[in-house]
Amino acid sequence: MKLLGNVDLLKSQTAIKFAAFVFISVTFFYLGKHWSDGSRQLVFFSRQSPSATTSFVPSVVISPNFNKEFNISALINATEPETGPEPSDPVISNEQQTVSALKAPSPPPPPPPEIKSYGIVDANGTMSDEFEIGEFDPDLVENWGNGTEIETDTNKEDAKSTFKVKKFGLCDESMREYIPCLDNVEAIKRLKSTENGERFERHCPENGTGLNCLVPPPKGYRPPIPWPRSRDEVWFSNVPHSRLVDDKGGQNWISRKGKDKFKFPGGGTQFIHGADQYLDQMSKMVPEITFGHHIRVAMDIGCGVASFGAYLLQRNVITMSIAPKDVHENQIQFALERGVPAMVAAFATRRLLYPSQAFDLIHCSRCRINWTRDDGILLLEVNRMLRAGGYFAWAAQPVYKHEQALEEQWEEMLNLTTRLCWNLVKKEGYIAIWQKPFNNSCYLSRETGIIPPLCDPNDDPDNVWYVDLKACISRLPENGYGANVAPWPSRLQTPPDRLESINIDSYIARKENFKAESKYWKEIVASYVRSLHWKTFKLRNVMDMRAGFGGFAAALIDNQLDAWVLNVVPVSGHNTLPVIYDRGLIGVMHDWCEPFDTYPRTYDFLHAAGLFSIERKRCNMSTIMLEMDRILRPGGRVYIRDSLDVMDELQDIAKAMGWHPTLRHTSEGPHANYRVLACDKRLLRG
């Protein structure tokens, strides 16, 4: 019985809760019906009191404000903070103020603020090429100061002190474009002769080192405009020199765009109407010049701001654009700021730092070089670097002008090229195009005593580091190596014939080594793209400081990164440059114990694999690191893949230069002997 009573009580409580819930729901529905209508007409429900004779009939009452217009903005604008009336002001009632506000015309809304886009997403949230690069992120800028800080560590056992640089100071402002081996004024003054361009060659400091300070950027330096827009415009503050505008503006090289930019219309001295039209003309003159197929690697001599090479890129041709640091000293700096491959180099008394049979096409447009001097020694250097069957294009006044002196120069050039066994394929308009022979048969059939002679069989045409020019014709390999490269793009992954002639330790499995290196770097770069988001990096100008067969550069192409790579082959290792060029890439020979021939702030990314563990036996690692800092742009990145025993010292040097280093494991895991040191360079200010 007691249990039954509890059940009844429980049921009654449940019924009460349910009734309360229904009552609350009906109440909210009723209120919502009255007050939540969003129309301008306010409707009120009313009911008459029911009588005995009438039934309940709902009626609708219209709001007295129906069909009236209200200027809400005027009411809002009229609501100002109250201030006491001046003595001369009449006192106005609240009702009068409200009526006046309702009758007053509404002021026009203020214009929206100007939207300035600093990124690749526009105001509508869509991708756009029309954007401006902002200033550096404050987190990437450091007030560094000019002083160098040194730390002394005394060993108690032998009482010897060691000195360690805790912080490298900034160099003087006058050195912001300093190239140590090309701006060595004292060494240039001591030259016995400069008539053959000796002053434009390398003259490194006697101690063999470069700088012991950090080269500062120019005032107002900004993050470079990204490719491909950089082909057509760069920041004035990054290369603050306007002499080329004054000298070459009329030839469509370069012009000013407002106060803060340079513009590159794409012209040149001999192609003022644009490089594209000029390249089309060359293809029509010689149909065998198939850009991006058989013609993959080119050289442009006396390149100016490198518009010839810039427009060849869209035709799948990579061009080494070269020019000396002469009166137009910033032309290579402009080229690299645009994102176009370029190097400071001069035809003078030494071989250029490129291998034999490197280029499918060599171009010279008003390059101001006397090709016929000294028995044609400079054109013989072109012949050494030109691939068997390759083309030399010359656009100059002797080709098309009919003045006596210029006609004599043309005859001298024609005579020299005939003795070189070059075939004049076509002469049209401003351009003359020759083709180099495929083998030595023409050379061997010449009459005895013909100048220039063939070089000695023992001469190595790929030996280029501080080697003087030779007034002889470099022999082509009897086995045809170098002449039979595959067309692009298959040549990128095809083991070339000259792989067999490289002096390396492996004599049997060379092709397997070539393929293994390509696979190794393709997998590593693919992992970088996936896990480290390399495609979000602003990679354009890239340098591989120990390139091997060029596997890293090939991997960037395979992973579709829109960057070009300068493959550097150190003199301390095997000369693999011929293989690099045969696979359709570019590179250069260099000794990393000396400074490199480029301007400061010209590369976005530096890659060094196994470099320091080898070069530390020859020179100080800080020497190499300071040179890397000189050529790296603020905001740029460095990846050093090397043995674990060099990483502590490299991290200390990186921090002393203001870099932000991060030590990472390789794919082999934490127990491997190798690590990857990833560094970010900040913008340092004094």
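Here the structure is a predicted model, which is why all the values come from computation and not from measurement. (Residues numbered from 1 in each chain as written. Predicted model: local features only at pLDDT ≥ 70, side-chain atom pairs only at ≥ 80, totals over all residues. Heavy atoms only, no water.)

## Notes on the overall build of the chain
Condition: The numbering of helices and of strands both runs from the N terminus, where a helix is a DSSP run of H or I of at least 4 residues and a strand a run of E of at least 2. Here, two residues are considered to be in contact whenever any of their heavy atoms come within 4.5 Å of each other. Here the open area of atoms and residues is found with the Shrake-Rupley method and a 1.4 Å probe, where only the protein chains shown may cover a residue.
Helices and strands together make up the secondary structure of the chain, namely 18 helices and 23 strands. For the chain, the share of sequence-separated contacts (at least 6 apart) that also reach a separation of at least 24 residues comes to 67%. Of the roughly 35,800 Å² that the chain leaves accessible, carbon and sulfur atoms contribute 53%.

## What to know about the confidence of the model for the chain
This is how the line gets drawn: Confidence scores per residue from the predictor, reported as pLDDT, run from 0 to 100.
Counting all residues, the mean pLDDT for the chain is 84, and 77% of those residues have values of 70 or more. Below pLDDT 50 for its whole length, residues 36-61 participates in 22 contacts with residues either more than four positions away or in separate chains. For the stretch residues 72-104, pLDDT sits under 50, and the model shows nine contacts to residues farther than four places along the chain or on other chains.

## Concerning the environment of Pro-205
Tracing the chain through its elements places Pro-205 in the loop between helix H4 (185-189) and strand S6 (233-235). Taking the C-alpha atoms as reference points, Pro-205 and Ala-187, separated by 18 residues in sequence, lie 7.8 Å from one another. Apart from the residues lying within four places of it in its own chain, the contact partners of Pro-205 are Pro-180, Cys-181 and Asn-184.

## Notes on the sheet that holds strand S21 (residues 660-665)
So the rule is basically this: Two strands qualify as a pair provided DSSP detects at least 2 bridges between them. The axes are straight lines fitted to the C-alpha atoms, using for helices just the contacting stretch, and the angles between their N-to-C directions are given from 0 to 180°.
Spatially, the seven strands line up as an open sheet ordered S18-S17-S16-S19-S20-S22-S21, and their pairing is mixed. Only two strands of the sheet have a single neighbouring strand rather than two, namely strand S18 (586-590) and S21. On average, each strand axis in the sheet is tilted by 20° relative to the strand beside it, whichever way the strands run. Examined bridge by bridge, strand S20 (residues 632-643) and strand S22 (residues 674-680) share seven bridges and lie antiparallel to one another. Paired with Asp-642 across the strands is Arg-675, a residue of S22. Along the sheet, helix H13 (residues 510-531) contacts strand S19 (603-609), S20 and S22; its crossing angle with S20, the most-contacted strand, is approximately 130°.

## Let's talk about the nonpolar core
How we decide: By nonpolar core is meant a set of buried Ala, Val, Leu, Ile, Met, Phe, Trp, Tyr and Cys residues that side-chain atoms within 4.5 Å join together. To sort residues, take the accessible area from a 1.4 Å probe on protein chains only and compare it with the maximum for the residue type: under 20% means buried, over 50% means exposed, and anything in between is partly exposed.
Counting residues in each nonpolar core, the largest one holds 149 residues, and the members touching the most others are Tyr-354, Trp-371, Phe-392, Trp-534 and Leu-566. With near-sequence residues (within four places) excluded, Leu-566 lies in contact with Met-320, Met-343, Val-542, Met-543, Asp-544, Ile-586, Gly-587, Val-588, Phe-596 and Tyr-603. By size, the runner-up hydrophobic cluster in this structure holds 10 residues, among which are Val-234, Trp-253, Ile-254 and Phe-264.

## A short note on the pairing of strand S9 (residues 297-301)
With five of five residues buried, S9 is to be regarded as a mostly interior element. Judged by which residues are buried, S9 turns out to be covered on both faces: Val-297, Met-299 and Ile-301 on one side and Ala-298 and Asp-300 on the other are all buried. When S9 meets strand S10 (residues 318-323), the two strands line up parallel, connected through five bridges. Residue pairing in the sheet places Ile-301 in a bridge with Ile-322 of S10.

## A closer look at the state of the cysteines
This is how it is decided: Any two cysteine sulfur atoms lying within 2.5 Å of each other are counted as a disulfide.
A full pass over the atoms with the stated rule returns six disulfides. A sulfur-sulfur separation of 2.0 Å characterises the disulfide bridge that pairs Cys-181 with Cys-204. Handedness here is read from the sign of the S-S torsion; for Cys-181 and Cys-204, about 105°, the answer is right-handed. Pair noted here: Cys-181 is in the loop between strand S5 (160-167) and H4 and Cys-204 is in the loop between H4 and S6, with a separation of 23 residues, a long-range link. Residue class for Cys-181 comes out buried when judged on its relative accessible area of 1%. Sequence-ordered numbering of the disulfide-bonded cysteines in the chain gives the connectivity 1-4, 2-3, 5-6, 7-8, 9-10, 11-12.

## Some points on the sheet that holds strand S7 (residues 255-257)
As summarised here, the arrangement of the three strands in space is S6-S8-S7, forming an open sheet in which the pairing is antiparallel. The open sheet has two free edges, formed respectively by S6 and S7, since each of these has just one partner strand. Along the sheet, successive strands turn relative to each other by an average axial angle of 35°, direction set aside. With three bridges connecting them, S7 and strand S8 (residues 261-263) associate as antiparallel partners. Pairing of Lys-257 across the sheet is with Lys-261, part of S8.

## Regarding the packing of aromatic side chains
Any pair of aromatic rings gets described here by the distance separating the centres and the angle formed by the planes. Rules: Note on aromatic contacts: the rings of Phe and Tyr and the six-membered ring of Trp form a pair at centre separations within 6.5 Å, being stacked when their planes are under 30 degrees apart, edge-to-face when over 60 apart, and tilted otherwise.
Enumeration according to the criterion identifies 29 aromatic pairs in this entry. For the pair Phe-262 and Phe-334, a centre-to-centre distance of 5.0 Å together with 85° between the ring planes defines the contact as edge-to-face. Remark: Phe-334 occurs in helix H8 (residues 331-338) and Phe-262 occurs in strand S8; sequence separation between them is 72 residues. The two residues Phe-262 and Phe-334 agree in class, both being buried. For the pair Phe-392 and Trp-422, a centre-to-centre distance of 5.5 Å together with 45° between the ring planes defines the contact as tilted. Linking Phe-392 in strand S13 (residues 386-395) with Trp-422 in the loop between helix H11 (404-419) and strand S14 (423-428), this pair joins segments that are 30 residues apart in sequence.

## With respect to H13
Cut-off, in case you're wondering: Here the expected span of a helix is defined as 1.5 Å times the quantity of residues minus one.
A rise of 1.5 Å per residue sets the reference length of H13, with its 22 residues, at 32 Å; its end C-alpha atoms lie 32 Å apart and thus fit the reference within 8%. Where H13 is concerned, the buried positions are Arg-510, Phe-514, Glu-517, Ser-518, Trp-521, Ile-524, Val-525, Ala-526, Tyr-528 and Val-529. Taken from the residues just after H13, His-533 is the one with a positive phi, measuring 60°.

## Topic: the environment of Asp-642
Condition: We define a polar contact as two N or O atoms separated by no more than 3.5 Å, with the added condition that, inside protein, one atom must be a possible hydrogen donor and the other a possible acceptor, whereas residues neighbouring each other in sequence contribute only through side-chain atom pairs.
When you line up the elements, Asp-642 lands in strand S20. By relative accessible area, which is 0% here, Asp-642 ends up buried. Counting along the chain gives 29 residues from Asp-642 to Ser-613, while the straight-line C-alpha distance between them is 6.8 Å. If near-sequence neighbours (up to four positions away) are discounted, Asp-642 is found in contact with Gly-610, Leu-611, Phe-612, Ser-613, Met-647, Asn-673, Tyr-674 and Arg-675. Reaching out from Asp-642, the side chain makes a polar contact with the backbone nitrogen of Leu-611 at a distance of 3.3 Å.

## Concerning the side chain of Ser-518
Of note, Ser-518 is situated in helix H13. Classification of Ser-518 by relative accessible area gives buried; the value is 10%. Leave out the neighbours within four places in its chain, and Ser-518 touches Gln-493 and Arg-583.

## Remarks on unusual backbone geometry
The peptide bond linking Ile-451 to Pro-452 adopts the cis configuration, its omega dihedral lying at 5°. With respect to the secondary-structure elements, Pro-452 resides in the loop between helix H12 (441-444) and H13. The step from Trp-488 to Pro-489 runs through a cis peptide bond, and the omega angle for that step is 10°. Secondary-structure assignment places Pro-489 in the loop between H12 and H13. Phi at Asp-375 takes a positive value of approximately 60°, unusual for a residue other than glycine.

## Overview of a negative patch on the surface
Defined as follows: A patch consists of residues exposed above 30% relative accessible area that lack any salt bridge, with like charges linked at up to 9 Å and nonpolar side chains (Val, Leu, Ile, Met, Phe, Trp, Tyr) linked at up to 5 Å. A pairing counts as a salt bridge when a side-chain nitrogen of Lys or Arg comes within 4 Å of a carboxyl oxygen of Asp or Glu. None of His or the chain ends enter the tally, which takes Lys and Arg as positive and Asp and Glu as negative. The location of each charge is read from NZ of Lys, CZ of Arg, CG of Asp or CD of Glu.
A surface patch of negative charge is lined by Glu-403, Glu-407, Glu-408, Glu-411 and Glu-412. Classification of Glu-403 by relative accessible area gives partly exposed; the value is 47%.

## Thoughts on the environment of Ala-526
One can find Ala-526 in helix H13. You can call Ala-526 buried: its relative accessible area is 17%. Residues Ala-526 and Asp-558, 32 residues apart in the sequence, show an inter-C-alpha distance of 9.0 Å.

## Focus on the packing of helix H17 (residues 621-631) against helix H18 (residues 647-656)
Operational definition: Note that the term roughly parallel is reserved for angles under 35 degrees, roughly antiparallel for angles over 145, roughly perpendicular for angles of 65 to 115, and oblique for everything else. The crossing is said to be left-handed when, going from far helix to near helix, the turn is anticlockwise and less than a right angle, and right-handed when the turn is clockwise. Gly falls in the polar group here, along with every residue not listed as nonpolar (Ala, Val, Leu, Ile, Met, Phe, Trp, Tyr, Cys, Pro) or charged (Asp, Glu, Lys, Arg).
Viewed as axis vectors pointing N to C, H17 and H18 meet at an angle of 45°, and their least axial separation amounts to 10 Å. Classed by the angle they form, the pair H17 and H18 counts as oblique. Both H17 and H18 take part in a crossing whose hand is right-handed. The segment H17 lies against H18, with Met-621, Ser-622 and Met-625 engaging Glu-649, Leu-650, Ile-653 and Ala-654. Looking at the contact of H17 with H18 residue by residue, the classes come out as five nonpolar, one polar and one charged.

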